[in-house]
Amino acid sequence: MASGLEQYDYDLGLDGPVLTLHRHHGVLYAGTYAGLFRLQPGERTGELAHFSPVPSMPTPCWGLETVGDELWAVTARALERLPDDGGLQIETRLREVYSILKTADERHVFIGTERSGVLRMRPKDGGSPDFEPIAGTAGEVRFLVEDPSGKVWLSQRFEGAFRLARIDPDDPDRPARIYGSEDGVPGNGLLLQPFVWNGGVYAANDSTFLRLDEERDAFVVEEALIDSRYPEGTVNHVHADPNGGLWLARGPHVPLTLVTRDAEGKTHFRYPLLGAGPHDYQSVLYEESTSTVWAGAAAGELISWRIGPALQTAPALASRIRSIELLESGPVDRQGSEIPFSGETLRFEYALPHFDTIDGNRYQSRLLGLDEHWGPWSAETYRDFAGLREGSYSFE
C-alpha cells in the first residue's frame, strides 16, 4: 500500500521554521526564517527528495507569489524577485515588506509593508515596477486576502492596534474601509488574520474568531470555530481549501486542525496528523491538483500528506542516516571518510521519513566488513556496534 505521509527537515536541506509555501512553475518553494528553499527530486532511484537553498537569500521569507513568469518574495531584507534565469533582483526602493497578493484575475498585485500600508505594484517589462499607495491604509500590513467578489481584505496595525480593512481594486480612488471596535473588531493589539471560507469573510487572532455579517457590514464572534478540545493556542496560519476544508496551523501544543461543515451547518474538527509529527505548526498549504497538504512546524519540520486519489503507487524509498556517534565521545562527522579508532561503541541513527502507519516502519541493517548478513527486522531507529577493530566498514 502506498504511503501518504513524508517529513522533511534539516537533514533533507530545510533550515528553519517554514513561514510560507508556494508552487512556482511546478516547483515547491518554502520560505523559512533562514531563507528560501526549493524542493528537488532525488537524482537516483530510491534517493529522497530534498530541499536546496536559493542562493543569496539568507534572510527570513514571509511570503511568495508568482507574477508573470517570475517568483516574487517578501523578505526581511526587501521585496525580491527570482527570474527564470536564476538571477536574484532586489527592489531596493521597497524594503520592510510583509505580504504579497496577486488577485485571481491577475490584474492587480498588492504589497503589504511594515510602515506604509498597502501599495499597488505595477510590473514593467525589463525594469523595476512602479508602486502606488492605497488611500486609507497605513502602518504594518501582515496579511492580504481576496474575497469572492474581488475585494481585498487586510490586517493593519496602526497606533498600536490591529484593524481589518477592505479595498476595492477596481476603484483605486476610494479609500479603504476600516473596521474597528465599533464594527466588532477588538482593539486589543493582537494580530488579526483575515481569511475567506465557504464564501464568507472571517478573521482569527489569539483569542477568538470573527465573521463578517454582511447585512450589518460588521464583524461578530464566530463561536462555532472555537475548538472545545483545544480552546487555547495561537492561530499562526489559516488556509481554506477548494473542497470546503479549513486548515488551521496553531500552537503551541496544538495539532494541525481540519475544520469542516456538514450539510446541516454543524462544524466538525479533525486532527489528521495527530501523533504523526510535531505540533506548533506555522504554515499550511493544500494543493488540489495532487490532494496534498503541506504543514510547516516551528521546530523546522515540513510534513507532506497526500490524502486523495492522486496517490496511486508507492515511490521508491530510501532511509537516511540521521547521526553517527561514539557513545562516550559524541557525534562524528558524517561527511568524513575516517573515524579515529578508539574502541568505543559506534552508534548509527537512521530514519525513513515516509509512513504507512504511525509506528509502522521496520528496518534491517548490516555493517559490511563485520557481517555480510542483514540483521533482523526491528522498529528501533538506531544500531550499536561494540568492539570494532581497525578496518574499513560500510553501513547499510
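Look up: the structure comes first, before these words.
What you are looking at is a predicted structure, and each value in this text was computed from that prediction instead of being measured.

1. Considerations on the sheet that holds strand E14 (residues 140-146)
Argument step 1. Spatial strand order, E14-E15-E16-E17: 4 strands in an open sheet with antiparallel pairing. Both edges of this open sheet fall to E14 and strand E17 (177-179), since each of them pairs with a single strand only. In this sheet, neighbouring strand axes are inclined to one another by 25 degrees on average, regardless of whether the strands run parallel or antiparallel.
Argument step 2. In this sheet, E17 lies alongside strand E16 (residues 161-167) in antiparallel orientation, the contact comprising 3 bridges. Within E17, the position partnered with Leu164 by the bridge is Tyr179.

2. Focus: the environment of Arg250
Argument step 1. Structurally, Arg250 is set in strand E23 (residues 246-251).
Argument step 2. Through-space distance from the C-alpha of Arg250 to that of Val284 is 9.9 Å; in sequence the pair is 34 residues apart.
Argument step 3. Sequence-distant contacts of Arg250, that is, excluding residues within four places in its chain, are made with Asp227, Tyr230, Pro231, Glu232, Gly233, Thr234, Val235, Asn236, Thr257, Asp280 and Tyr281.
Argument step 4. A distance of 2.8 Å separates a polar side-chain atom of Arg250 from the backbone oxygen of Tyr230.

3. Observations regarding the sheet that holds strand E13 (residues 127-133)
Argument step 1. Strand order in the open sheet made by the 4 strands is E10-E11-E12-E13, with antiparallel pairing throughout. The two strands at the open ends of the sheet, each matched to only one other strand, are strand E10 (97-102) and E13. Averaged over all pairs of adjacent strands, the angle between their axes in this sheet comes to 30 degrees, without regard to strand direction.
Argument step 2. One ladder, built from 5 bridges, connects E10 with strand E11 (residues 109-113); its direction is antiparallel. For Ile100, the partnering residue across the bridge sits in E11 and is Ile111.

4. Considerations on the packing of aromatic side chains
Two aromatic rings are characterised by how far apart their centres lie and by the angle between their planes.
Argument step 1. Tallied over the entire structure, the rule returns 15 aromatic pairs.
Argument step 2. With 6.0 Å between their ring centres and 90 degrees between their planes, Tyr33 and Trp62 make a pair best called edge-to-face. Here Tyr33 is found in the loop between strand E3 (27-32) and strand E4 (35-40), whereas its partner Trp62 is found in strand E6 (residues 61-67), with 29 residues between them in sequence.
Argument step 3. The class for Tyr33 is partly exposed, based on a relative accessible area of 43%.
Argument step 4. The interplanar angle of 70 degrees and the centroid separation of 5.3 Å between the aromatic rings of Tyr230 and Tyr271 together place this pair among those described as edge-to-face. Taken together, the residues span a long stretch of sequence, with Tyr230 in the loop between strand E21 (218-221) and strand E22 (234-240) and Tyr271 in the loop between strand E25 (267-270) and strand E26 (281-287) at a distance of 41 residues.

5. Comments concerning unusual backbone geometry
Argument step 1. A positive phi angle, near 65 degrees, is found at Ser56, a position not held by glycine.
Argument step 2. Relative to the elements of secondary structure, Ser56 occurs in the loop between strand E5 (50-53) and E6.
Argument step 3. Of note in this structure, Asn198 is not a glycine but carries a positive phi near 50 degrees.

6. Describing the pairing of strand E19 (residues 200-204)
Argument step 1. The element E19 is largely enclosed, with a buried count of 5 among its 5 residues.
Argument step 2. The alternating pattern of E19 places Gly200, Tyr202 and Ala204 on one face and Val201 and Ala203 on the opposite face, and all of these are buried.
Argument step 3. Both strand E18 (residues 193-197) and E19 contribute to a ladder of 5 bridges, which runs antiparallel. Counted as the bridge partner of Phe195 is Tyr202 from E19.
Argument step 4. Counted along the chain from E18 to the antiparallel partner E19, the turn is 2 residues long, and its residue Asn198 has a positive phi close to 50 degrees.
Argument step 5. Looking at chain direction, E19 and strand E20 (residues 209-213) are connected through 3 bridges and run antiparallel. Each bridged residue has a counterpart across the sheet, and for Ala204 the counterpart in E20 is Phe209.

Rules used throughout
- Residues numbered from 1 in each chain as written.
- Predicted model: local features only at pLDDT ≥ 70, side-chain atom pairs only at ≥ 80, totals over all residues.
- Heavy atoms only, no water.
- Pairing = 2+ DSSP bridges.
- Helix = DSSP H or I, 4+ residues; strand = E, 2+ residues; numbered from the N terminus.
- Axes fitted to C-alpha atoms, helices over the stretch in contact; angles between N-to-C directions.
- Contact = heavy atoms within 4.5 Å.
- Polar contact = N/O pair within 3.5 Å; in protein donor to acceptor, adjacent residues only side chain to side chain.
- Phe/Tyr/Trp six-rings, centres within 6.5 Å; stacked < 30°, edge-to-face > 60°.
- Buried < 20%, exposed > 50% of the residue type's maximum accessible area, 1.4 Å probe, protein only.

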